[in-house]
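Read off the chains here:
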Amino acid sequence: MLKTITLIWNYLRIGIANELQYRVNFFIQLLQSFIALGTGLIGLWLVFSHTTTLAGWTQPELLAVMGVYILVGGIIQSAIQPNMQRLMDEIQSGTLDFALTKPVDGQILVSIREFRFWQLTDVLVGSVVLTIAVIQLQEQFGPLQALSFAVALLLGGIMVYCFWLMLTTTAFWLIRIWELVNLFQGLYAAGRWPVSIYPNWLRLGLTFLVPVAFAVTVPAQALTNRLTSTTLPGALGVTILLMLLSRFIWKLGVRGYSGASA
Amino acid sequence: MKRYNDFYLTSMKIAILEQFQYRAQNYFYMVGVIVEPTIYLVVWSTIASQQGGSVGGYTPGALAAYYIVWTLVRQMNIVFTPYGWEDRIQHGRLSMELLRPMHPIHYDVSYFAGWKVVMILLWIPIAAGLALIFKPTLDPTWLQVIVFLVAIWGAYLVRTMIYAVLGLITLWTTRVSALFELIFALELILSGRFVPMTLMPGWVQRIAFYLPFQWTFFFPINALVGKVGPVELLSGLGMQLLWILIGVGIVNIVWHFGVRRFSAVGN
Amino acid sequence: MRTSIISAENLSKHYKVPVREAGLKAATRSLFKRSYKTIKAVDEISFQIEPGEVVGFLGPNGAGKTTTLKMLSGLLFPTGGTPDVLGFQPSRRQAEFLSQITLVMGNRSQLAWDLPALDSFDLQRAIYGIPRGEFEKTRDEFIEMLEIKDLVKKPIRNLSLGERMKMEIVGSLLHRPKVLFLDEPTIGLDVTMQRRIRTFIADYNQRTGATVLLTSHYMADVEALCKRVLVIHNGRLLFDGDLSGLVDRFSAFKTIGVTLENGYGNFSQYGEVLNQEAGHVTLRIPREKTPEVTARILAEQPVDDLTVEDPPIEDVIEKVFAQNSAEA
């Protein structure tokens, strides 16, 4: 366990040192975060120039959703996506061997190698937006809400990781999965709005197929006092299920893996 | 002139042959593209039903028509991205293009044009599916259909030029992703990609008129699904032509200076 | 009146690269202060090449060979000197210039990956505007010469590395260029394939009188094709002349191989023994002592056969570079 943590810390260190080389990237990344934020705000403003609520969510509540969306997006872009991209590339080019022959559990290794430090600007921006939204809400917001929010966020994050891992692992069999990845990245964009607005069939897909609902809407529900007594325990259950499932599929993939070249 | 004709046809043929081999991947890509307008459609339809049946004059049926036609227009205006230019330059592929006695952009335009032929064929069943689910209301005149068919190619060329200019900037500096994202964001708002331009406040619409973006999305879509008269249709085509010519001019200037710069540093 | 088809005078290419040490501390420091170093990829090279010549550029990796080729084909602007190819200034990249040259780089492809080579050839025809009749004649000629009639119908991705290289070369010569720049054309290929390609290039040169500039770090390429050799190291031109002259000038040794009638004697008295087995000895001796030593061996030993050879060119080149690295 300690070894794993030290390993994570080392990769983090290298990742940060790498990124610090490109000092301008920080400002570029920050700028990009602001542009994305601006676009989102314009979208929200446009919606609310035509109506006062959207499927029961008020403007500050939707702002909270957007804040969570950006924050989770930042976590995905800095820690999850780079690792999955690299895994996919290495499966396709047959260079995954290097990772699999190290004396560290393969799944852990491929999940922690990359870290894009500058993408954390989204986490920063998202947090600021969240804070503003919560202040505007003027609802009851105490330690209970904060805690349930943190838990929801953590579970959602783990679910997204498991989902991505499973998706990337299909590269062991399908090889070319770039378009599949593209498709699901597009689906994540649906998380910008609370999933309750989508037709039922789409909502189901966005909850259990691509855990967007758990990643964004549920934490937002935690912030806006919309959680029912079953939401968080349900989320925990799905998280554990996904962790077991992704681990199983990973092992299956590795067992059949032989490298792309003869 | 005849040689360029020949080149375009040959290049398109190659694109069609290659991309047809990749039809599975192309299908997946297209399905991915559809997610975006579906989200917009759902959001605005929700608002329409909440506001008593329509928002800004668009019923859910009209919105469905807008966003389904959107998917075809979107396929048509996918072009070589500025990021693609950056990648091509960094990996030395631009050098291979530079050795040909022909401007690389001819290859891009002709190859993508051929690719679009394949995409249009693949799109038809998807559109049919979408129509079944979302039930669009559509009733265009013959002139509208013809102008639409021309306008989608016009949209393709306008957008090619915009992103070629952006992409060529990477010949000077690679730190331009923020600029790209800014332009993408502007395009999202001002082109009719996010919502029909008529749902935007008046002052935004006036600004958008002087920019090239709405001629790549809103104009072609609206030509087919809106209530547009002949004068508006033809003057719209004229605007597209104007932007294409402006674009070609800028691309030529930027290219001239860009190649000199590239040859100083090279890859 | 200049007759040379390619001319370079004091050609140079310098690059400025940032330098940084490893570690987190140095990385943070570099956020605030950058230090640079000038790399001289090509340093004042001059040469003239006549039409029809097949010239080899020899040098280790990073010597500046590819950079020089790129400057001559217009891909790079020289930092100093003005190259002249076919009467054009390459960096101006005029269509007329580009239509008469070709650059083949061993590890970069210009053919469509999923389609048969024939389709890509057709595209080349369209790009260079080759009249159809002429195009088909040239194409079929090349296909026959390289015996690839069936292979041209298979998608490129299904071909072996060597077969792919054949297609690349054909594709790059369809417009019958007058000047060929070949950068490591046989890299990664097996011996048979290398020979095939060399023969083809030599043939093309003979039939069309085209000028060929070839870079390689395989001596065999240069030995087989080039009479004249330019040796480049650390961006400088070390030698320009006949291949045999290279050996003469830089090699201070000769290798003597002696086959013995019986047994073996003590040969270390004559020179450095490279190899000794029952019945055969290989010796290395200083060049000027050759007549003296061979005479002695013939007189004093039971010799069945005796050969005097130049050392392998690789050794010569290695010595040249080692010498220069030491001096540099």
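Rules of the game
- Residues numbered from 1 in each chain as written.
- Chains lettered and ligands numbered in written order.
- Predicted model: local features only at pLDDT ≥ 70, side-chain atom pairs only at ≥ 80, totals over all residues.
- Helix = DSSP H or I, 4+ residues; strand = E, 2+ residues; numbered from the N terminus.
- Rg over C-alpha atoms; globule rule 2.2 N^0.38 Å.
- Buried ≥ 20, exposed ≤ 12 C-beta atoms within 10 Å, placed from the backbone.
- Contact = placed C-beta atoms within 7 Å.
- Nonpolar A, V, L, I, M, F, W, Y, C, P; charged D, E, K, R; others polar.
- Pairing = 2+ DSSP bridges.
- Axes fitted to C-alpha atoms, helices over the stretch in contact; angles between N-to-C directions.
- Parallel < 35°, antiparallel > 145°, perpendicular 65-115°, else oblique.
- pLDDT = per-residue confidence, 0-100.
- Left-handed = near helix turned anticlockwise from the far one by under 90°.

Chemist: Please explain the overall build of chain B as it appears in this structure.
Modeler: When you go through chain B residue by residue, the secondary structure sums to eleven helices and zero strands. Mapped in sequence order, the helices and strands of chain B form the string α-α-α-α-α-α-α-α-α-α-α. On C-alpha atoms alone, chain B measures out to a radius of gyration of 19 Å, which is about the 18 Å that the 2.2 N^0.38 rule sets for 267 residues. Across the 267 residues of chain B, 46% fall into the buried class. Sequence-distant contacts, at least 24 apart, represent 83% of the contacts inside chain B between residues at least 6 apart.

Chemist: Sorry, what's going on with unusual backbone geometry here?
Modeler: Among all residues save glycine, negative phi is the norm, and among peptide bonds the norm is trans. With phi around 50°, K135(B) is a residue other than glycine that occupies positive phi space. With respect to the secondary-structure elements, K135(B) resides in the loop between α6 (104-134) and α7 (142-168). A positive phi angle is found at E184(C), which is not glycine, with a value near 50°. Structurally, E184(C) is set in the loop between β6 (179-183) and α7 (191-208).

Chemist: How should I be thinking about the interface of chain A and chain B in this particular structure?
Modeler: Buried accessible area, meaning the area lost when the parts come together, often serves as the stated size of an interface. If you look at the interface, chain A gives 27 residues, while chain B gives 26 residues. At the level of elements, α2 (23-48) and α9 (178-188) of chain A are the ones that each hand at least two residues to the side of chain A that touches chain B. It is α2(A) that contributes the most residues to the side of chain A that touches chain B, eleven residues altogether. When grouped by side-chain class, the residues that make up the side of chain A that touches chain B number 17 nonpolar, eight polar and two charged.

Chemist: I keep staring at the sheet that holds strand β10 (residues 253-260) of chain C and nothing clicks. Help me out?
Modeler: Hydrogen bonds between backbone groups are what pair the strands of a sheet, and the pairing can be parallel or antiparallel. Residue and element names in this part refer to chain C. Strand order in the open sheet formed by four strands is β11-β12-β10-β13, with antiparallel pairing between adjacent strands. Bordering the open sheet on either side are β11 (272-277) and β13 (303-309), each of which pairs with just one other strand. Across the sheet, the axes of successive neighbouring strands diverge by a mean angle of 15°, strand direction being ignored. Pairing between β10 and strand β12 (residues 280-286): seven bridges, direction antiparallel. Bridging across to β12, T255 finds its partner in R284. Across the sheet, helix α10 (residues 290-300) touches β10, β12 and β13, and the angle it forms with β13 is around 170°.

Chemist: Looking at this structure, how should I read the sheet that holds strand β4 (residues 84-85) of chain C?
Modeler: All names here are of chain C. Taken in spatial order, the three strands line up as β2-β1-β4 in an open sheet, and their pairing is antiparallel. Either end of the sheet is taken by a strand with one partner, and the two such strands are β2 (35-49) and β4. In terms of strand pairing, strand β1 (residues 6-19) meets β4 through two bridges, oriented antiparallel. By the bridge assignment, I6 is partnered in β4 with V85. Packing of helix α2 (residues 65-73) onto the sheet brings it into contact with β1, β2 and β4, and relative to β1 it is tilted by some 120°.

Chemist: I would appreciate a short explanation of the packing of helix α7 (residues 143-169) of chain A against helix α11 (residues 212-223) of chain A in the present structure.
Modeler: Packed helix pairs are characterised by how far apart their axes lie and by the angle those axes make with each other. Residue and element names in this part refer to chain A. Relative to each other, α7 and α11 sit at 175°, their axes nearing to 8 Å. In this view, α7 runs roughly antiparallel relative to α11, as classed from their interaxial angle. Contact with α7, carried on its side by Q145, S148, F149, A152, L153, L155, G156, M159 and V160, involves F214, A215, V218, P219, A222 and L223 of α11 and no other residues of that element. When its residues are assigned to classes, the contact of α7 with α11 shows twelve nonpolar, three polar and no charged.

Chemist: Just checking my understanding: could you explain the confidence of the model for chain B for this structure?
Modeler: When pLDDT is low, close inspection of the predicted coordinates is not appropriate. Per-residue pLDDT for chain B averages 88, and the proportion of residues at 70 or more is 99%. The secondary-structure element of chain B with the lowest mean pLDDT is helix α5 (residues 93-98) of chain B, recorded at 81, while α7(B) shows the highest, at 93.

Chemist: For this particular structure, what's the right way to read the packing of helix α2 (residues 23-50) of chain B against α6(B)?
Modeler: Residue and element names in this part refer to chain B. Where α2 contacts α6, the axes come no closer than 10 Å and their chain directions differ by 40°. What the angle tells us is that α2 and α6 run oblique. Of the two possible hands of crossing, α2 and α6 adopt the one that is right-handed. Taken together, the residues of α6 that come into contact with α2 (itself represented by R23, N26, Y27, M30, I34 and L41) are V118, M119, L122, W123, I126 and F134. Partitioning the contact of α2 with α6 into residue classes produces ten nonpolar, one polar and one charged.

Chemist: What is the right way to look at the pairing of β1(C) in this model?
Modeler: Two faces make up the sheet, and in a regular strand the side chains alternate between them. Of the strand pairs in this sheet, β1(C) and β2(C) are connected by eleven bridges, and their pairing is antiparallel. Across the sheet, V19(C) pairs through a bridge with S35(C), a residue of β2(C).

Chemist: Where do I start with the environment of I162(B) in this structure?
Modeler: Residues and elements named next belong to chain B. Here I162 is to be found in helix α7. A C-alpha to C-alpha distance of 9.8 Å links I162 and I246, two positions 84 residues apart in sequence. Residues within four places of I162 in sequence aside, it is in contact with P212 and G247.

Chemist: Could you clarify how one ought to interpret the environment of V152(C) in this entry?
Modeler: All names here are of chain C. Residue position: V152 is located in the loop between α5 (132-146) and α6 (161-173). For V152, a count of 22 C-beta atoms within 10 Å corresponds to the buried category. Remark: the alpha-carbon pair of V152 and T192, spanning 40 residues in sequence, is separated by 19 Å. Contact partners of V152, with chain neighbours within four places excluded, come to P116, A117, L118 and I143.

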